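Residue-level structural notes
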Amino acid sequence: MKKISIIVSLFFILFCSETFSQRIWSSSLDQYAFNPAGGGMNDVASISSAYYNTYGSANNSPFGFMLMGTAPFPNDNIAAGFRITTESGGVLNNTMAEGTVIYKLPVFKNTKLSFGISAVFNQLSLLRDRLNPQSPDDPILNGAKSGFWGDANFGVSLYETNKYYAGLAVYNLLSGRTNWRVDDFTNRSARLYTMSGMYTFNVFKGDGRLEMTGVAATYLSKGSSTINFSINSRIITKKSFWVGAGYSPNTVKFLFGVYFQNFSVGYTGGVGIGDISSYSYTIPKHELFLKIDFNNSKASRTQSGK
């Protein structure tokens, strides 16, 4: 009974404090995936979804799904967004729902400063069908079915539509505490800081563009300075397809995707390198990305470049 209690507690610590708070996606997602202030920057409404799977041949391997959408309001200074994610790994599943209000303030020619504030709901649950306890009377299994907590996120971003952006966000502002009580575990979400940026260059005499993106995240809690990051680049040709590559710790990524008018679909594969490559599959990580744009903008607005 003690053994299963220790194992479940370890999963609580690992997944509550790191994996489930804010994922760094490798797909070509809008900044809103990493910053509450990043919604509505392209001046069109959009709905995106992404799915990832890591070490898919392993039992109970991590996987997750995200659905998000953003839209500008008619007055051009306010936008809104929503984001829903569900992730499973080991014996835990986490579901998160976020609703965001965004205010955009013109500061320079073609440049805006945006602020975003989000209300967040989280649910953490135990996947009982993945457990094989030595004792059916284990107190954790009988007392911990699911836990709920609320929180808030905030972000700020400086951007020019389809040209560049630079943003800073703080997640888990309230450090919400779940009502799922486990002995000797504080079960409180840690405050997370993220930085994200993008810049584009025209190539092929204006028929294409080179897009460089990056995102970094760190908790900076309890003396930890570990930074998780991802860097991507891709060439977009005549808004018909894109190809690219990227890097994150222990992983080299390749990206490609195609456009069908206002609909786009993309794939990212991650190849393990370094010490982890000796213990992993050839392509241990897969992500699938889907997006559709809705032209609800004013006639004077240019179409989104994504």
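Located above this text is the structure these notes cover.
Let me sum up the structure you'll find in this document.

**Some words on the pattern of salt bridges**
Inspection of every chain in the model, using the stated rule, returns 6 salt bridges. Aspartate 30 serves as the salt-bridge partner of lysine 291, at 3.1 Å between the closest nitrogen and oxygen. Linking lysine 291 in strand E14 (residues 285-294) with aspartate 30 in the loop between helix H1 (2-19) and strand E1 (45-54), this pair joins segments that are 261 residues apart in sequence. Of the residues examined, lysine 291 reaches a relative accessible area of 3% and is grouped as buried. Residue classification places aspartate 30 among the buried positions, given a relative accessible area of 12%. One salt bridge connects lysine 291 with aspartate 293, and the closest N-O pair in it is separated by 3.7 Å. For the residue pair lysine 291 and aspartate 293, the accessibility class agrees, reading buried in each case.

**Focus on the packing of aromatic side chains**
Following the criterion strictly, the structure yields 10 aromatic pairs and no others. Each ring, one from tyrosine 164 and one from tyrosine 199, has its centre 6.4 Å from the other, and the planes form 25°; the classification is stacked. Of this pair, tyrosine 164 sits in strand E7 (residues 164-171) while tyrosine 199 sits in strand E8 (residues 192-203), placing them 35 residues apart in sequence. On the accessibility criterion, tyrosine 164 (22% relative accessible area) is partly exposed.

**Description of the environment of isoleucine 273**
Within the secondary structure, isoleucine 273 sits in the loop between strand E13 (263-272) and E14. Among the residues examined, isoleucine 273 registers a relative accessible area of 31% and is labelled partly exposed. Expressed as a C-alpha distance, the spacing of isoleucine 273 and threonine 251, which sit 22 residues apart in the sequence, is 5.6 Å. Those residues in contact with isoleucine 273 that sit more than four places away from it in its chain are Tyr247, Asn250, Thr251 and Val252.

Analysis parameters
- Residues numbered from 1 in each chain as written.
- Predicted model: local features only at pLDDT ≥ 70, side-chain atom pairs only at ≥ 80, totals over all residues.
- Heavy atoms only, no water.
- Salt bridge = Lys/Arg side-chain N within 4 Å of Asp/Glu carboxyl O.
- Helix = DSSP H or I, 4+ residues; strand = E, 2+ residues; numbered from the N terminus.
- Buried < 20%, exposed > 50% of the residue type's maximum accessible area, 1.4 Å probe, protein only.
- Phe/Tyr/Trp six-rings, centres within 6.5 Å; stacked < 30°, edge-to-face > 60°.
- Contact = heavy atoms within 4.5 Å.

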